[in-house]
Amino acid sequence: MKIKSLLIHGGKDGDEFTGAVNIPIYQTSTFKQPEFGVNKGYEYSRTGNPTRESLEKLISDLEEGYAGFAFASGMAAITAVLSLFKSEDQIIISNNVYGGTFRVLNQIFNNFNIGYKIVDTSNLNEVEKNIDKNVKAIYIETPTNPLMDITDIEEAAKIARKHKILTIVDNTFMTPYLQRPILLGADIVIHSATKYLGGHSDLVAGLAVVNTEDLAEKLHFIQNSTGGILGPFDSFLLIRGIKTLSVRMDRHDENAKLIAQFLKGRPEIEKIYYPGFKEHPGHDIQKKQADGYGAMISFVLRREYNYKKFFKNLSLITFGESLGGVESLVCHPASMTHAAIPYEIRQKVGITDNLIRLSVGIEDKEDLINDLKESLEASKEV
Ligand SMILES: *Cc1c(COP(=O)(O)O)cnc(C)c1O
């Protein structure tokens, strides 16, 4: 099946008992065991629940992995994956990873002596140079949040394999509709399904997909032991969201192309980060490894313009955290999504105060452009 069909019919399609075309919400904590030592495949919903399992099979099919796991948030998925490591292990992370990923490494896993090295993973020489006997994984986001750096997943995975370490990819920005890291050699794919996969800004969820039976056993053990599972109702909502991913992503992508072009011509803007531009340093790699450029655009206002005024004057586009919903969202990475990253590191990597991140929604393109135009014009310092 091709991906557009798989989004709708992948995983466990419907309910085998009644023929319902949608998997029911099995809102139950436990399951009757017909006799001693016998069960129908389920015992307790932390360990396994049919609605969650349907979602887990679906994401595994979409990412072409061995098994999938659903968690209560993207951070719970990331935490479970990082729990594969042990004291003295080190993980190489892309230099502008999601703020929460940095925070959990820096303030939680640090306490357990699991370390990280911040590396520009778009530069593969830097990646290889930083691998030593303690480094056990390369953790990539591509495109990165919020600066849209592109890492060559296939080449990074080759380096990882050579050193017998894992490649982990946070695929939130692309989704399996646009990019399938396991086919490029990655071992583990992570999603904040809160974003494009859910797609409607109405749930918080995380997913992880692994490429081997060994990793599947380990991650299931961690999922069951630490318990950060996704509940049946949210699993159902997420399956429902995923069914329309292809039409949403096509529109997101189309709108983003037009808006990036519009922003490029604006006098208020100093710099735009969008991998769809030919002059973007990662453009060719993005083109090679993904089926689109996504709908995340970051831009820097010139000094004479005030970002607070820009946010205040928007009327259609919502100012708020998150991304990937049907509605367009803007945020201020320095004080919102990336506030957990120390000021010096933020400056060093380019997450400055005048940086704005836009998640282009699927509204009418002219409405979006007019809103941006009016707000940019009103953002001049007097
Ligand atoms: C939002 C996000 C996360 C965290 O996911 P939650 O669902 O908010 O816990 C991780 N990675 C990326 C790239 C994100 O955008």
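Parameters and conventions
Residues numbered from 1 in each chain as written. Predicted model: local features only at pLDDT ≥ 70, side-chain atom pairs only at ≥ 80, totals over all residues. Heavy atoms only, no water. Axes fitted to C-alpha atoms, helices over the stretch in contact; angles between N-to-C directions. Helix = DSSP H or I, 4+ residues; strand = E, 2+ residues; numbered from the N terminus. Parallel < 35°, antiparallel > 145°, perpendicular 65-115°, else oblique. Left-handed = near helix turned anticlockwise from the far one by under 90°. Contact = heavy atoms within 4.5 Å. Phe/Tyr/Trp six-rings, centres within 6.5 Å; stacked < 30°, edge-to-face > 60°. Lys NZ or Arg CZ within 6 Å of the ring centre and 35° of its normal. Core = buried A, V, L, I, M, F, W, Y, C linked by side-chain atoms within 4.5 Å. Buried < 20%, exposed > 50% of the residue type's maximum accessible area, 1.4 Å probe, protein only. Domains from an automatic or database assignment.

**Thoughts on the packing of helix α10 (residues 245-264) against helix α14 (residues 365-377)**
Direction vectors running N to C along α10 and α14 enclose 30°, while the axes themselves pass 10 Å from each other. Judged by the inter-axis angle, α10 sits roughly parallel to α14. Note that α10 runs across α14; the crossing there is right-handed. Between α10 and α14, the residues in contact are N255, L258, I259, F262 and L263 and K365, L368, I369, L372, K373 and L376, respectively.

**Let's talk about the packing of aromatic side chains**
Enumeration over the complete set of coordinates arrives at nine aromatic pairs. Arranged with centres 5.9 Å apart and planes meeting at 90°, the rings of F299 and F310 form a pair that is edge-to-face. Here F310 lies in helix α12 (residues 307-313) and F299 lies in strand β9 (residues 296-301), a separation of 11 residues in the sequence. Against the face of F277 rests K264, its NZ or CZ located 4.2 Å from the ring centre.

**Some words on the nonpolar core**
Counting residues in hydrophobic clusters, the biggest one holds 67 residues, and the most contacted among them are L238, L263, I297, F299, L301, F310 and L358. With seven residues, the single largest contributor to this core is α10. Each of domain 1 (3-243) and domain 2 (245-378) contributes no fewer than three residues to this core. Those residues in contact with L358 that sit more than four places away from it in its chain are I259, L263, A295, M296, I297, F299, I317, L329, V330 and L372.

**Some details on unusual backbone geometry**
Following T142, the chain continues to P143 via a peptide bond in cis, the omega torsion being -5°. With respect to the helices and strands, P143 occurs in the loop between β4 (135-141) and α6 (153-162). The omega torsion across N145 and P146 is 5°, close enough to zero to call that bond cis. Along the chain, the position of P146 falls in the loop between β4 and α6.

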